[in-house]
Amino acid sequence: MLSGDLVAVWDVALSDGVYRIEFAHGTTSGKRIVYVNGQEVVRKDWLFKLVGKETFSVGAANTKATITIEAISGFAYEYSLEIDGKSLQKFIDNRAKTTKTWLLKVDGEDCRVVLEKDTMDIWCNGQKMDTMGEFVDDGTETHFMVKEHECCIKATNSGKKKSGIVHYLLLDGEKIPASAQ
């Protein structure tokens, strides 16, 4: 990577993983290079227009991402990232409402489990999990396996109007605290 031209780095958490997006911008040549997790996904050499947009996709679901380049004064530029048509901050805030993430160790290996609340899809380390859901007296349980371990995401009513449904993860029957991610 051309570290001298690297002007912006963002970390974006999607259901199938956390992606590092890096943007290199040659302000004399107009060169634009986008890297996702170190892999080059966009390269444009010798552009005469130094401002504009670069659009590409991220993750297994091919989520649309756009980097906007704006001149702020003279030869100073501002770079912003949009994910799924939303500013990065708005996207993060929305994901906090529609997903729940747990970071845990299973057999000494780091695991990232993500629940998509709207679809009830469960992802573990980038893989969509096979699940089995069932209704129980106090809500629902969604069962799946991580390696040889039984996992269950329980959804129960919190009893409070503001917090609504509460989701928690059990690994071999033990409750795992949720991550802020």
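Cut-off values and rules
Residues numbered from 1 in each chain as written. Predicted model: local features only at pLDDT ≥ 70, side-chain atom pairs only at ≥ 80, totals over all residues. Heavy atoms only, no water. Pairing = 2+ DSSP bridges. Helix = DSSP H or I, 4+ residues; strand = E, 2+ residues; numbered from the N terminus. Axes fitted to C-alpha atoms, helices over the stretch in contact; angles between N-to-C directions. Core = buried A, V, L, I, M, F, W, Y, C linked by side-chain atoms within 4.5 Å. Buried < 20%, exposed > 50% of the residue type's maximum accessible area, 1.4 Å probe, protein only. Contact = heavy atoms within 4.5 Å. Phe/Tyr/Trp six-rings, centres within 6.5 Å; stacked < 30°, edge-to-face > 60°. Lys NZ or Arg CZ within 6 Å of the ring centre and 35° of its normal. Arc of directions from axis to C-beta. Patch = residues over 30% accessible without salt bridge, like charges linked within 9 Å, V, L, I, M, F, W, Y side chains within 5 Å. Areas by Shrake-Rupley, 256 points an atom, 1.4 Å probe, with all protein chains shown as cover. Salt bridge = Lys/Arg side-chain N within 4 Å of Asp/Glu carboxyl O. Lys, Arg positive; Asp, Glu negative; His and termini not counted. Charge placed at Lys NZ, Arg CZ, Asp CG, Glu CD.

(A) Local environment of the sheet that holds strand 2 (residues 17-25). Spatial strand order, 1-2-3-4: 4 strands in an open sheet with antiparallel pairing. The sheet is open, and its two borders are formed by strand 1 (6-14) and strand 4 (39-44), each paired with just one other strand. Adjacent strand axes in the sheet meet at a mean angle of 15° when their direction is disregarded. Relative to strand 2, strand 1 runs antiparallel, the two being bridged by 8 bridges.

(B) Main features of the nonpolar core. Ranked by size, the top nonpolar core spans 22 residues in total, and within it W10, I21, F56 and L81 carry the most contacts. Only strand 1, strand 2, strand 3 (32-36), strand 5 (52-58), strand 6 (63-73), strand 7 (76-83) and helix 1 (88-98) provide two or more residues apiece to this core. Here F56 is in contact with I21, V34, V36, V41, V42, T63, K64, A65, I67 and L81, once residues within four sequence places are set aside. By size, the runner-up hydrophobic cluster in this structure holds 16 residues, among which are L104, C124, M129 and C151.

(C) The pairing of strand 2, seen in detail. Burial analysis of strand 2 places 7 of its 9 residues in the buried class, the great majority of the element. Taken together, strand 1 and the strand that follows it, strand 2, pair antiparallel across an intervening segment of 2 residues. Here strand 2 runs beside strand 3; their pairing, made up of 5 bridges, is antiparallel. What sits directly across from A24, in strand 3, is I33. Between the end of strand 2 and the start of strand 3, which pair antiparallel, lie 6 residues, with G30 showing a positive phi angle near 85°.

(D) Region of interest: the packing of aromatic side chains. In total, this model carries 1 aromatic pair according to the counting rule given. Seen from the ring of Y168, K175 lies directly overhead, with NZ or CZ sitting 4.6 Å from the centre.

(E) Spotlight on unusual backbone geometry. Despite not being glycine, D107 shows a phi value in the positive range, around 50°. Here D107 is to be found in the loop between strand 9 (99-106) and strand 10 (109-116). Taking the relative accessible area as the measure of exposure, D107 reaches 54% and is therefore exposed. Even without being a glycine, K147 presents a positive backbone phi close to 55°.

(F) Geometry of helix 1. Within helix 1 the residues assigned to the buried category are L88, F91 and R95. An end-on view of helix 1 places all buried positions within 60° of arc, on one side of the element. Counted as exposed and oriented over 90 degrees from the buried face of helix 1: K90, A96 and K97.

(G) Spotlight on a negative patch on the surface. Together, D107, E148, E150, D172 and E174 line one region of the surface with negative charge. Here E150 shows up in strand 15 (residues 149-157).

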